[in-house]
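Residue-level listing of the chains:
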Amino acid sequence: MSEDDPAALRDELEAAQKRLDELERSSAYYRRQLDQLAGQSVRQDSMTSTLKHQLRQRQQGFTVLSELTENVGRLTPSEDVIRNTLRTINGQLKMDRSILLARPDPSTTEVRPVSWAGWKPGEDVGLGDLTFEFPPDFGSARGHLISNKGSEATDLVAELRWRLKTPFFICVPVVSDSQLAGVLLAGRMKEGSPFFPPFDAGDLDTFRAIAGFLSAGLANATLYRTVEDMASYFARFVPKQFLEFLGRDRITDVRLGDQVEKDMTILFSDI
């Protein structure tokens, strides 16, 4: 082809332009494919991370509930049940602070701290004197509070953050006999994935389950106090020495047919 042939030169340029257009279309196609693959990879990584987080929540929740089952199964004072529960929450669920607020007066929805864990000596001065007012419907099945960086700071959330000096927390009701018996709150001083992720629905499920076990523990503790009170009342009429003769520690341990034969001196006195 002669360089002086305009027609041939034009045809050659058109052919080159077509090849260039085809290469650009192919390049655009492969870029779209790469973008789709990258998007799928990101989605899969996100899904994997979410599943790992949920699995970790389930494992931690199972561990906590297993320990609480052992505690609730024993007839122990309420202080021990509560204290063990809060320590278990802090240790197993990676919380900095946990606290139980209870109702001092059943006729109101006002609650005050009765037991806590995670506050250093000196930080908890005056903590037991605080009072909080929760709405009447907080004891319902859907009652809860979550404080994250992106969550709405209601007046109650802001008050809890400030007065308990705990910025990020989850809060659920403790219900007994369909009534609000108290409030369980656990929180962290900082928030950030992957070690301190924001509280979510999985955490809420775990804490609702813990609150249910704690409610059973408190009911068990109430029974314990009742038994202790009964033993104290009966001691007025059945001296402890009589129980020692029978080899029993308390009146409720005495069974039909328990007896012992001893030589003894009895003084009758009319005053």
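Look above for the structure.
Below: a short report on this structure. (Residues numbered from 1 in each chain as written. Predicted model: local features only at pLDDT ≥ 70, side-chain atom pairs only at ≥ 80, totals over all residues. Heavy atoms only, no water.)

## Some thoughts on the sheet that holds strand β1 (residues 97-102)
Logical step 1: Pairing is antiparallel across the open sheet formed by six strands, whose spatial order is β3-β2-β1-β6-β5-β4. Strand pairing shows two members of the sheet lacking a second neighbour, β3 (132-133) and β4 (145-147), which therefore form its edges.
Logical step 2: Where strand β5 (residues 168-176) and strand β6 (residues 179-188) come together, nine bridges link them in antiparallel fashion. Following the sheet pairing, F169 is matched in β6 by G187. (Pairing = 2+ DSSP bridges. Helix = DSSP H or I, 4+ residues; strand = E, 2+ residues; numbered from the N terminus.)

## Structural notes on the environment of A117
Logical step 1: One can find A117 in strand β2 (residues 110-117).
Logical step 2: Among the residues examined, A117 registers a relative accessible area of 14% and is labelled buried.
Logical step 3: A117 sits 35 residues away from I82 along the chain, and the two C-alpha atoms are 9.9 Å apart.
Logical step 4: Those residues in contact with A117 that lie beyond four places of it in its chain are L86, R87, N90, D96, R97 and S98. (Buried < 20%, exposed > 50% of the residue type's maximum accessible area, 1.4 Å probe, protein only. Contact = heavy atoms within 4.5 Å.)

## Side note on the pattern of salt bridges
Logical step 1: This model, assessed by the stated rule, comprises three salt bridges.
Logical step 2: The salt bridge partner of E159 is R163, with a shortest N-O separation of 2.9 Å. With E159 and R163 both in helix α3 (residues 155-164), this residue pair falls four residues apart, about one helical turn.
Logical step 3: Under the relative-accessibility criterion, E159 is labelled partly exposed at 28%.
Logical step 4: Classification of R163 by relative accessible area gives partly exposed; the value is 25%.
Logical step 5: Of the charged contacts in the structure, one is a salt bridge between D258 and R248, with a shortest N-O distance of 3.1 Å. On the criterion of sequence distance, the pair formed by D258 in the segment after α5 (240-246) and R248 in the segment after α5 is long-range, its members being ten residues apart.
Logical step 6: The partly exposed category is assigned to R248, whose relative accessible area is 29%. (Salt bridge = Lys/Arg side-chain N within 4 Å of Asp/Glu carboxyl O.)

## A short note on the environment of V157
Logical step 1: Structurally, V157 is set in helix α3.
Logical step 2: Separated by eleven residues in sequence, V157 and F168 place their C-alpha atoms 9.6 Å apart.
Logical step 3: Not counting residues up to four positions away in its chain, the partners in contact with V157 are L145, S147, E152 and F169.

## Looking at the packing of aromatic side chains
Logical step 1: Applying the stated criterion across every chain yields a total of one aromatic pair.
Logical step 2: Ring plane angle 50 degrees and centroid distance 4.8 Å describe the contact between F134 and F138, whose orientation is recorded as tilted.
Logical step 3: Judged by relative accessible area, which is 1%, F134 ranks as buried.
Logical step 4: For F138, a relative accessible area of 4% gives the class buried.
Logical step 5: The ring of F132 has R163 sitting right over it, with the charged end atom 5.0 Å from the ring centre. (Phe/Tyr/Trp six-rings, centres within 6.5 Å; stacked < 30°, edge-to-face > 60°. Lys NZ or Arg CZ within 6 Å of the ring centre and 35° of its normal.)

## Details of the pairing of β2
Logical step 1: By the bridge criterion, five bridges tie β1 to β2 in an arrangement that is antiparallel. Across the sheet, residue L101 finds its bridge partner in β2, namely P113.
Logical step 2: As paired elements, β2 and β3 share two bridges and run antiparallel to each other. Its bridge partner being in β3, V111 is matched across the sheet by F132.

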